[in-house]
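So you can see what is in the structure, the chains are spelled out below.
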Amino acid sequence: MGQSNGDVGGGEEIRRRSCSCSKEDFLPEESFKSWGNYTKALKATPARLLDRLTARSGEHTELVEMKAQSQHEMKKSLTWWDLMWFGIGAVIGAGIFVLTGLETKKHVGPAVVLSYVVSGVSAMLSVFCYTEFAVEIPAAGGSFAYLRVELGDFVAFIAAGNILLEYVIGGAAVARSWTSYFATLCNHHPNDFRIHVSSFPDDYNQLDPIAIVVIIAICTLAVASTKGSSRFNYIASIFHVAIILFIVIAGLTKANPKNFTPFAPYGPRGIFVASAVLFFAYVGFDAVSTMAEETKNPAKDIPIGLVGSMVITTLAYCILAVTLCLMQPYQQIDEDAPFSVAFEAVGWGWAKYIVAAGAIKGMTTVLLVSAVGQARYLTHIARTHMISPWFAKVHERTGTPVNATATMLAATAIIAFFTSLGILSNLLSISTLFIFMLVAVGLIVRRYYVSGETTPSDRNKLVICIVLILGSSIATAVYWGSSDGWIGLVVSNSIWFLSTLALWLGVPQAKKPRVWGVPLVPWVPSLSIAINLFLLGSIDKASFERFGIWTGILLVYYFLIGLHASYDSIMESKTVAGEVNSSV
């Protein structure tokens, strides 16, 4: 009873503090009360960093205590039906309707269907890992909450920064694609509705005001109601599925098998290069995991919703890719609006309007689900005080995180206004693959390590196996990207296999899932790690440079603000709990 009272007391204090919108809401922690306090905090950075590196959050903390930071609870209104359509709406958008043409023409040819299979397998493995976490820890923080529990605060923060980058960039890319297809619908070139500024650098000089208008409309809907967003999404997604069926049936009536040769003009390397970029087409399902806190029955609804939507999406992507490549020779496929132009090329100019309408609908729901998901990530991150707790506020009437939603979509609008799709898609793929890899590592740790129960010997064996799995996977990616030989690949893949086998046979699992678990552990998460890192090795150098710059910015922020704010919050919670327990 004493602990319960402590939770309530701490929650009431936090609620009072989060109600207003004063400057105290943005930096309320002790370290920022004065310049003297801040100086002391900076001097204590090494000790605080060590504390946060070794600290792991508890499931009770993520599921109960963190919610008290938001002033009001989110409404539990979603079922597996909502989640499945959210998943379909989140994923089928700019990826298939834009990047398919770009990658087919430049990197892979008709073998783009194999690229979608590779990306789909990687996404499905990640879906399994996410699903177990979402069922066991149904918190709005998604992968951020999972990583805090299993890998600690510091790793979770680095992942969190990339999660936010993923959503902002993903939303910006889709918003710009929305403009491209809208222009097609109006019989214009995609850049006709953009403002060209010659004094700006290339890739940043086509300003897109329509993208901003679309994002503002999405923001309005997202803050109004989660259930309302869900209804709009699945009604629109049903319409979208009908258009996809039209594209496939109508397109195959104009199929020419000769267009499928040569099948892989750029060889195996082209297939995997395209897979890394086309992984963008599967981004979005992680947003569904952030809705676990608003799901009525997470144990049943999340597995059905997540896995079901990914199976449907993968099949749709492969069939659409085959249809496009049968309609036109890959050299003639349009990079900006491939399906619309393909129908025009076979003499069905009227069909391009149906295709463009379907693409616009798909991108609208992708933006909506992205807006809902990114706001919940930001909300949960703010609950930990790694960023301002002002962002954690949930509106009393709508039950939605208004501050987080508006802030994230404002950032998305700014990026969408300036930046080209090619820059955005590659950078997005890096962030996404990196996060999915970390979640897979987190799942292995969850199954094989329990503090106080796992023996030091088993813990050491676990660490060695994880290091070998990561190292061999990185070696495979590096060797693939830098050499045409096969000997190195055989060696690195053999090390990966033997490391996973050693983990499977040599280390006992310390924890079994309570409700739903990933099958074939550790093979499934280990394979997810390997494929995600392999695809990372196929992404261009410039994108990695941008990724490195962003990670550097995250570290600077963490050492100057995030570390001290989250440390103070944890210490305050412990103090309140200790005072309550001592008085009982």
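Residues numbered from 1 in each chain as written. Predicted model: local features only at pLDDT ≥ 70, side-chain atom pairs only at ≥ 80, totals over all residues. Heavy atoms only, no water.

### Describing the overall build of the protein
Check the secondary structure of the protein and you find 22 helices and two strands. Evaluated residue by residue, the protein yields a buried proportion of 59% over its 584 residues. Long-range pairs, those at least 24 residues apart, make up 85% of the contacts in the protein with a sequence separation of at least 6. Surface accessibility of the protein: about 22,100 Å² in total, with carbon and sulfur atoms responsible for 68%. (Helix = DSSP H or I, 4+ residues; strand = E, 2+ residues; numbered from the N terminus. Buried < 20%, exposed > 50% of the residue type's maximum accessible area, 1.4 Å probe, protein only. Contact = heavy atoms within 4.5 Å. Areas by Shrake-Rupley, 256 points an atom, 1.4 Å probe, with all protein chains shown as cover.)

### Side note on the packing of aromatic side chains
Each aromatic ring pair is specified by the distance between its two centres and by the angle formed by the two planes. Taken as a whole and assessed by the stated rule, the structure comprises 27 aromatic pairs. Relative to Phe391, the ring of Trp390 has its centre 5.2 Å away and its plane inclined at 75 degrees; by these criteria the two rings are edge-to-face. Given a relative accessible area of 16%, Phe391 falls into the buried group. Put simply, the rings of Phe154, Phe157, Tyr557, Tyr558 and Phe559 pair up and form one aromatic cluster. (Phe/Tyr/Trp six-rings, centres within 6.5 Å; stacked < 30°, edge-to-face > 60°.)

### Some remarks on helix α20 (residues 487-506)
For the α-helix, the turn length of 3.6 residues means that residues three or four positions removed from each other point alike. Along its 20 residues, α20 runs 28 Å from first to last C-alpha, staying within 8% of the 28 Å computed at 1.5 Å per residue. Among all positions of α20, only Leu489, Ser492, Trp496, Ser499, Thr500 and Leu503 are buried. For α20, the angular spread of the buried residues around the axis is 100 degrees, confining them to a single face. Exposed residues on α20 whose side chains face more than 90 degrees from its buried face are Ile487, Val490, Leu498 and Leu505. (Expected span 1.5 Å × (residues − 1). Arc of directions from axis to C-beta.)

### Focus on a nonpolar patch on the surface
There is a patch of nonpolar side chains on the surface, built from Ile464, Leu468, Ile487, Val491 and Ile495 and spanning about 460 Å² of accessible area. Looking at the nonpolar patch, the elements with two or more residues in it are α19 (456-482) and α20. If one sorts the elements of the nonpolar patch by residue count, α20 sits on top with three residues. With respect to the helices, strands and loops of the structure, Val491 is situated in helix α20. Judged by relative accessible area, Val491 falls into the partly exposed class, the value being 45%. (Patch = residues over 30% accessible without salt bridge, like charges linked within 9 Å, V, L, I, M, F, W, Y side chains within 5 Å. Salt bridge = Lys/Arg side-chain N within 4 Å of Asp/Glu carboxyl O.)

### A closer look at unusual backbone geometry
Here the bond from Thr261 into Pro262 is cis, since omega is -5 degrees, no more than 30 degrees from zero. In this fold, Pro262 is placed in the loop between α11 (226-252) and α12 (267-278). In this model, Asn187 sits at a positive phi of 60 degrees, which is unusual for a non-glycine residue. With respect to the helices and strands, the residue Asn187 is situated in the loop between α9 (153-185) and β1 (195-196).

### Quick look at the nonpolar core
Residues Tyr116, Tyr181 and Phe285 are the most contacted members of the largest nonpolar core, which totals 160 residues. For this core, the element with the highest residue contribution is helix α16 (residues 351-383), accounting for 17 residues. Beyond its immediate stretch of four places on either side in the chain, Phe285 contacts Val91, Ala123, Ser126, Val127, Tyr130, Leu306, Met310 and Phe436. (Core = buried A, V, L, I, M, F, W, Y, C linked by side-chain atoms within 4.5 Å.)

### Here's the deal with α12
For α12, built from twelve residues, the straight-helix expectation of 16 Å at 1.5 Å per residue is met to within 8% by its first-to-last C-alpha distance of 17 Å. All of the buried residues in α12 are Gly267, Gly270, Ile271, Ala274, Ser275, Ala276, Val277 and Leu278.

### Here's the deal with the side chain of Gln328
Following the sequence through the fold, Gln328 ends up in the loop between α14 (298-327) and α15 (338-345). In contact with Gln328, other than residues within four places in its own chain, are Asn259, Ile333, Asp334, Pro338, Ala342 and Ala345.

### Details of the side chain of Ser340
With respect to the helices and strands, the residue Ser340 is situated in helix α15. Under the relative-accessibility criterion, Ser340 is labelled buried at 0%. Ignoring anything within four residues of it in the chain, the contact list for Ser340 reads Tyr181, Thr184, Lys352, Val355 and Ala356.

### Let's talk about the environment of Arg176
Tracing the backbone through its elements, the reader meets Arg176 in helix α9. On the accessibility criterion, Arg176 (5% relative accessible area) is buried. As for Arg176 and Leu207, which are separated by 31 residues in sequence, their C-alpha atoms are 9.5 Å apart. A polar side-chain atom of Arg176 sits 3.5 Å from the main-chain carbonyl oxygen of Phe417. (Polar contact = N/O pair within 3.5 Å; in protein donor to acceptor, adjacent residues only side chain to side chain.)

### Digging into the environment of Met386
Note that Met386 resides in the loop between α16 and α17 (402-418). Each C-alpha atom of the pair Met386 and Asp153 lies 9.3 Å from the other, and the pair is 233 residues apart in sequence.

### Thoughts on the packing of α16 against α17
With their axes 8 Å apart at the nearest point, α16 and α17 run at an angle of 115 degrees to one another. Considering only the axes of α16 and α17, their crossing is right-handed. From α16, Ala371, Gln374, Ala375, Leu378 and Thr379 reach across to α17, where they touch Ala404, Thr405, Met408, Leu409 and Thr412. Its residues assigned to classes, the contact of α16 with α17 shows six nonpolar, four polar and no charged. (Axes fitted to C-alpha atoms, helices over the stretch in contact; angles between N-to-C directions. Left-handed = near helix turned anticlockwise from the far one by under 90°. Nonpolar A, V, L, I, M, F, W, Y, C, P; charged D, E, K, R; others polar.)

### Here we look at the environment of Ala411
Tracing the chain through its elements places Ala411 in helix α17. A sequence separation of 244 residues divides Ala411 from Tyr167, and the C-alpha atoms of the two residues are 10.0 Å apart.

### Description of the pattern of salt bridges
This model, assessed by the stated rule, comprises eleven salt bridges. Ionic pairing is found between Arg52 and Asp51, a salt bridge with its closest N-O pair at 2.8 Å. Residue classification places Asp51 among the partly exposed residues on the basis of a relative accessible area of 26%. The partner of Glu136 in a salt bridge is Arg446, with the nearest N and O atoms 3.2 Å apart.

### A look at the confidence of the model for the protein
Caution is warranted with low-pLDDT regions, since their predicted coordinates should not be read in detail. Per-chain confidence: the protein averages 81 in pLDDT, with 87% of residues scoring 70 or above. Mean pLDDT in the protein bottoms out at helix α1 (residues 2-19), which sits at 41, and peaks at α20, which reaches 93. In the model, residues 1-19 has pLDDT below 50 throughout and makes 28 contacts with residues more than four positions away in sequence or in other chains. Predicted confidence is poor over residues 579-584, with pLDDT under 50, and the contacts of this stretch with residues over four places away or in other chains come to six contacts. (pLDDT = per-residue confidence, 0-100.)

### With respect to the packing of α20 against helix α21 (residues 523-536)
Where α20 meets α21, the axes come as close as 10 Å, and the angle between the chain directions of the two elements is 155 degrees. As the angle between them shows, α20 and α21 are arranged roughly antiparallel. Between α20 and α21 the crossing geometry is right-handed. In contact with Trp496, Phe497, Thr500, Leu501 and Trp504 of α20, α21 contributes Trp523, Ser526, Leu527 and Ala530. Among the residues making up the contact of α20 with α21, the classes are represented as seven nonpolar, two polar and no charged. (Parallel < 35°, antiparallel > 145°, perpendicular 65-115°, else oblique.)

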